[in-house]
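Letter by letter, the chains look like this.
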Amino acid sequence: MYLPSLTQVSKSERDVLYSAVAAGGQFYAAHTSLQRVIVRMPGYMDSNLEYWKSEGQSFLRRLSRWVDLLDPLSLLASDAEIKNARLLLESKEGSSPNTKVKDALKLSLSSVHPDTGSVIPLLFRPPAFLPIAAPLVIATMLPHRGIKPALFWQFLCQSYSAGFNYANRNATASKNDKMSLKQLLLIVGSVSYSACAGAVPQFMMKHYGLRNQAVQTFFRTVLPVPLFAFLGAFNVMIVRGEEFENGIEVFDANGNVVGVSQKVGLKAVGETAVSRALLIGTTAAVPNLLISFIQRRRFIQRSPLVLAPLRHIATAFVLGLMIPVSFSLFPHVGKVQKANLEEEFQTDTQLYYHRGL
């Protein structure tokens, strides 16, 4: 099949393409690369980016939106339903704020990558983060009897984090939307390193036979908080390293790409790393503080076996509360000033960038 290049497709022709696509869902399903061509066209802004640019500049509005987007029921939608939702948003009917359009926007925001227009793999969509990450995070924080179980759960948790970070990155830094061999090796290395580093507290207690109560408290409750927060940020920085190495696209209010900026790439990755550190660090800290407070109560001292399930429930609860907060901490479509750009950017207009997730 012939697919037009970016220079061959105008805005009016794009409308014709969408009209043709809307007339046949099977055509769209069979040729999803057409969506990538449209997404990359000059003067076109993806509906997800357009929403976050206009409606996502306030923290409270982002938070409210993410509470809705993280609904796990969105995972039940098929790829065909998601693609039909995208078509609806691109049609004339997409400008009318009815229930059908709102549901389509919710499905698009939670399931489609705005840089490529492709459907995000099921396991790495934002609504899947809590159901999958919660048991992994709980397992990494268990007081394992040996080193191997600690390494195993750390490796699973870090692997999933790497997959989620990569699937929700800013894809404009990747050449041909493909992972380079260098990036693949860096990701594998970072996952291995993070898994070993995450098991250090368990290794120290097991290898050196630490029995002192104060020392055990430090390695089990104090050290994991900054350690896990650092590893969460480290995972983001390595997995998305191409963004500040190659730069990411910067565009104006109409979606026209002005250039590629390494400084903005570093800003986008840095903001995401901070938000992930806050998520993991808070999830590690709050349950420990809560348990240390509760275990002093007499009814808990009579039934110490209750502490373990309480810790697990508290961890899952705090993680569930912090996910929308961390996702909303920084704008998804951020503004950037000329002073924060490279010298070759000769423009006084307001510029934007996609931060990723």
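Remember, it's a predicted structure, so these values are computed and weren't measured experimentally.

**Q** So what exactly am I meant to see when it comes to the pattern of salt bridges here?
**A** Side chains that differ in charge, positive against negative, can pair when their charged atoms come close. Under the counting rule described, the total for this entry stands at nine salt bridges. As a salt-bridge pair, Lys 106 and Asp 71 come within 3.3 Å of each other at their nearest N and O atoms. Taken together, the residues Lys 106 in helix α7 (residues 99-111) and Asp 71 in the loop between α5 (59-69) and α6 (79-90) connect sequence positions 35 residues apart. Judged by its relative accessible area of 16%, Lys 106 is buried. Under the relative-accessibility criterion, Asp 71 is labelled partly exposed at 25%.

**Q** How should the nonpolar core be read in this particular structure?
**A** A general tendency of soluble globular proteins is for nonpolar side chains to be buried together. Residues Phe 129 and Phe 327 are the most contacted members of the largest nonpolar core, which totals 43 residues. Beyond its immediate stretch of four places on either side in the chain, Phe 327 contacts Trp 66, Leu 70, Pro 126, Phe 129, Phe 164, Arg 276, His 332, Arg 355 and Leu 357. Listed in part, the ten residues of the second largest apolar core include Ile 248, Val 264, Leu 351 and Tyr 353.

**Q** For this particular structure, what's the right way to read the packing of helix α9 (residues 147-167) against helix α13 (residues 224-239)?
**A** Angle between the axes and distance between the axes: these two values describe a pair of packed helices. Closest axis-to-axis distance for the α9/α13 pair is 9 Å, and the angle between their directions is 45°. For the element pair α9 / α13, the angle class is oblique. For α9 against α13, the interelement crossing comes out right-handed. From α9, Gln 154, Gln 158, Ser 161, Ala 162, Asn 165 and Tyr 166 reach across to α13, where they touch Phe 228, Leu 231, Asn 235, Val 236 and Val 239. Each residue belonging to the contact of α9 with α13 can be placed in one class, and the counts come to six nonpolar, five polar and no charged.

**Q** Where do I start with the packing of helix α10 (residues 181-198) against α13 in this structure?
**A** For the pair α10 and α13, the least separation of the axes is 9 Å and the interaxial angle reads 175°. On the basis of their axis angle, the class for α10 and α13 is roughly antiparallel. Facing α10, whose interface residues are Gln 183, Leu 186, Ile 187, Ser 190, Tyr 193, Ser 194, Ala 197 and Gly 198, α13 presents Leu 227, Phe 228, Phe 230, Leu 231, Phe 234, Ile 238 and Val 239. Looking at the contact of α10 with α13, its residues break down into eleven nonpolar, four polar and no charged.

**Q** Help me understand the packing of aromatic side chains in this model?
**A** Note on aromatic pairs: each is described by the distance of the centres and the angle between the planes. This model, assessed by the stated rule, comprises 13 aromatic pairs. Both rings, one in Tyr 51 and one in Trp 52, keep their centres 5.3 Å apart while their planes meet at 75°; by these two values the pair is edge-to-face. Comparing Tyr 51 with Trp 52, the two get one shared label, buried. An angle of 50° between the planes, with centres 4.6 Å apart, marks the rings of Phe 129 and Phe 164 as tilted. Note that Phe 129 is positioned in helix α8 (residues 126-140) and Phe 164 in helix α9, a separation of 35 residues in sequence. Each member of the pair, Phe 129 together with Phe 164, is buried. The rings of Tyr 51, Trp 52, Trp 66, Phe 124, Phe 129, Tyr 160, Phe 164 and Phe 327 are connected pair by pair, giving a single aromatic cluster. Seen from the ring of Tyr 352, Lys 53 lies directly overhead, with NZ or CZ sitting 5.3 Å from the centre. Between the NZ or CZ atom of Arg 169 and the centre of the ring of Tyr 166, over which it lies, the distance is 3.9 Å.

Cut-offs and rules
- Numbering of residues begins from 1 in every chain and follows the order in which that chain's sequence is written.
- Confidence filtering applies because this is a predicted model: local features only for residues at pLDDT of at least 70, side-chain atom pairs given and counted only at 80 or more, and all residues used for totals across whole chains, interfaces and linings.
- Excluding hydrogens and water, the side-chain figures rest on all heavy atoms present in the structure.
- Should a side-chain nitrogen of Lys or Arg be within 4 Å of a carboxyl oxygen of Asp or Glu, the pair is scored as a salt bridge.
- In this text, helices come from DSSP runs of H or I with a minimum length of four residues, and strands from runs of E with a minimum of two, each type numbered from the N-terminal end.
- Three exposure classes are used, based on accessible area relative to the maximum for each residue type with a 1.4 Å probe and protein chains only: buried under 20%, partly exposed in between, and exposed over 50%.
- To define a nonpolar core, start from buried Ala, Val, Leu, Ile, Met, Phe, Trp, Tyr and Cys residues and group those joined through side-chain atoms within 4.5 Å.
- Whether two residues touch is decided by their heavy atoms; if any such pair falls within 4.5 Å, the residues are in contact.
- Axes here refer to lines fitted to C-alpha atoms; in helices the fit is confined to the stretch in contact. Angles between the N-to-C directions go from 0 to 180 degrees.
- Here the angle decides the label: under 35 degrees means roughly parallel, over 145 means roughly antiparallel, 65 to 115 means roughly perpendicular, and every other value means oblique.
- By convention the crossing between two helices is left-handed if the near helix lies anticlockwise of the far one by an angle smaller than a right angle, and right-handed if it lies clockwise.
- Only Asp, Glu, Lys and Arg are considered charged, only Ala, Val, Leu, Ile, Met, Phe, Trp, Tyr, Cys and Pro nonpolar, and every remaining residue, Gly among them, polar.
- Aromatic contacts are taken between Phe, Tyr and Trp rings whose centres are within 6.5 Å, Trp giving its six-membered ring; a plane angle under 30 degrees counts as stacked, one over 60 as edge-to-face, and the others as tilted.
- Ring-over charges, as used throughout, are those where CZ of Arg or NZ of Lys falls within 6 Å of the ring centre and within 35 degrees of the ring normal.

These results come straight from atomic positions and should not be treated as a statement about function.
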